[in-house]
Amino acid sequence: MTLRVVDLSSAPEPDAAVPPGVIVAYGSPHSEYWLDKATFTLSEQPCDDRRVVVVDSVPRALTELTQRCRNWPIASAVCDDVLRCLDPAGATLAGLVTESLAYSTLQAGPEFGRWLSQRGPARVPDSVEPVTAHRDNDILRISFNRPERHNAFCTGTRAALLEALAVAQLDPSVTGIVLSGNGPSFCSGGDLAEFGSFADPAGAHLARTRHSPALVLDELTARLGRACRAQVHGRVLGSGLEMAAFCGWVQAAPDSVFGLPELGLGLLPGAGGTVSVTRRVGRWRTAYLVLSGHTVDAQTALAWGLVDAIGFAQ
């Protein structure tokens, strides 16, 4: 079974402490046991508890979630395992290594292989300048610059972003960073045309963990706090959301939409999102974003703590 549904009013089962896989609870959020143990809880009543996701219809949400977990049972289970194991208050590197090892496992699995075969051959368009950067007095302004692809994140983007961030790492006169995106979106996630181009999952793991913008953004946020800022708009998906969430302050345009669509590829977040998003919204709502595939708007993101403000006032 890839998904188990429990009623919050029911008593805990004798074997409930055994790692159960994906558990979705529902009902009035009064059972502390299931609220804490479940992957997340659904409710139709307003609730500020970060373990609860408010939906229009619990039966409809359960039907959708059941189908998605049946379509991608391995990725669903692995995502649940990772989110339960990670300590969001722990060392960032340890979390990213755990995430990346799980991601590489799924890259070698049948669900990602199925998606690749359905996609077929693809070619990543050349980008002359995938990232732009300039100094504005003591502020370093960095922008994703593949507007024709909604700033989809590719290997070239990663290298250029790391090069730009290195300026802030090495120059103590940089007292602030603004990360943004040119064109209609901040960043729509990984460039799907590039997926599957890795030589092998182990090598891909080393590339993710040895050349990680997430680690650098986390380091710069530790130094600069809210002065390490992301200004997001349009699509803020996948790796775009995961990296922005590492910043000390996230400002969202009203048109922003946020999501973690990786399950549809047979994968889980692989750019640090199991750490960065979980730190902001808790493992329960992070799991919901992944397993449901739904996006949330700027107002919901603000209420959850996924962003810190709506609007770009300086």
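Residues numbered from 1 in each chain as written. Predicted model: local features only at pLDDT ≥ 70, side-chain atom pairs only at ≥ 80, totals over all residues. Heavy atoms only, no water.

A. Structural context of the overall build of the protein. In terms of regular secondary structure, the protein is built from 11 helices and 13 strands. Taking 314 residues into account, the globule formula puts the C-alpha radius of gyration at 20 Å, and the protein, at 19 Å, falls close to it. In terms of principal-axis extent, the alpha carbons of the protein reach across some 60 × 45 × 35 Å. A burial count over the protein gives 51% of its 314 residues as buried. Summing over all exposed atoms, the protein offers an accessible surface of approximately 13500 Å²; the carbon and sulfur share of this is 56%. Counting 26 positive and 32 negative side-chain charges, the protein places the averaged centre of each group 2 Å from the other. (Helix = DSSP H or I, 4+ residues; strand = E, 2+ residues; numbered from the N terminus. Rg over C-alpha atoms; globule rule 2.2 N^0.38 Å. Buried < 20%, exposed > 50% of the residue type's maximum accessible area, 1.4 Å probe, protein only. Areas by Shrake-Rupley, 256 points an atom, 1.4 Å probe, with all protein chains shown as cover. Lys, Arg positive; Asp, Glu negative; His and termini not counted. Charge placed at Lys NZ, Arg CZ, Asp CG, Glu CD.)

B. Structural detail: the packing of helix H6 (residues 155-170) against helix H8 (residues 213-224). Two elements in contact, H6 and H8, have axes whose closest approach is 10 Å; the angle formed by their N-to-C orientations is 25°. Comparing the axis directions of H6 and H8 gives the class roughly parallel. Relative to H8, the crossing made by H6 is left-handed. Packed against H6, whose contacting residues are Arg158, Leu161, Leu162, Leu165, Ala168 and Gln169, the element H8 presents Pro213, Val216, Leu217, Glu219, Leu220 and Arg223 at the interface. Each residue belonging to the contact of H6 with H8 can be placed in one class, and the counts come to eight nonpolar, one polar and three charged. (Axes fitted to C-alpha atoms, helices over the stretch in contact; angles between N-to-C directions. Parallel < 35°, antiparallel > 145°, perpendicular 65-115°, else oblique. Left-handed = near helix turned anticlockwise from the far one by under 90°. Contact = heavy atoms within 4.5 Å. Nonpolar A, V, L, I, M, F, W, Y, C, P; charged D, E, K, R; others polar.)

C. Representation of the sheet that holds strand S2 (residues 22-26) in the model. With parallel pairing, four strands are arranged side by side in an open sheet as S1-S2-S3-S4. The open sheet is flanked by strand S1 (3-7) and strand S4 (52-54), the only strands paired with a single partner. When the angles between neighbouring strand axes are averaged without regard to direction, this sheet yields 30°. The sheet contact formed by S2 and strand S3 (residues 40-43) spans three bridges and is parallel. What sits directly across from Tyr26, in S3, is Leu42. In the packing of helix H2 (residues 58-71) onto the sheet, the strands contacted are S1, S2 and S3, and the crossing angle to S3 comes to about 145°. (Pairing = 2+ DSSP bridges.)

D. Examining the side chain of Ser212 more closely. Tracing the backbone through its elements, the reader meets Ser212 in the loop between helix H7 (201-210) and H8. Setting aside residues up to four positions removed in sequence, Ser212 forms contacts with Leu96 and Leu162.

E. Highlighting the packing of aromatic side chains. Counted under the stated rule, the structure contains six aromatic pairs. Between Trp115 and Phe195 the ring centres are 6.1 Å apart and the planes differ by 70°, which places this aromatic pair in the edge-to-face class. Separated by 80 residues along the polypeptide, Trp115 in helix H5 (residues 110-119) and Phe195 in the loop between strand S7 (176-181) and H7 bring together distant segments of the chain. Like Trp115, the residue Phe195 is buried in the burial classification. A ring pair is formed by Phe144 and Phe153, whose centres lie 6.1 Å apart and whose planes are at 90°; its orientation type is edge-to-face. Members of the aromatic cluster, connected to one another through ring pairs, are Phe112, Trp115 and Phe195. In this arrangement the basic side chain of Arg226 is found over the ring face of Trp249, its NZ or CZ atom lying 3.8 Å from the centre. (Phe/Tyr/Trp six-rings, centres within 6.5 Å; stacked < 30°, edge-to-face > 60°. Lys NZ or Arg CZ within 6 Å of the ring centre and 35° of its normal.)

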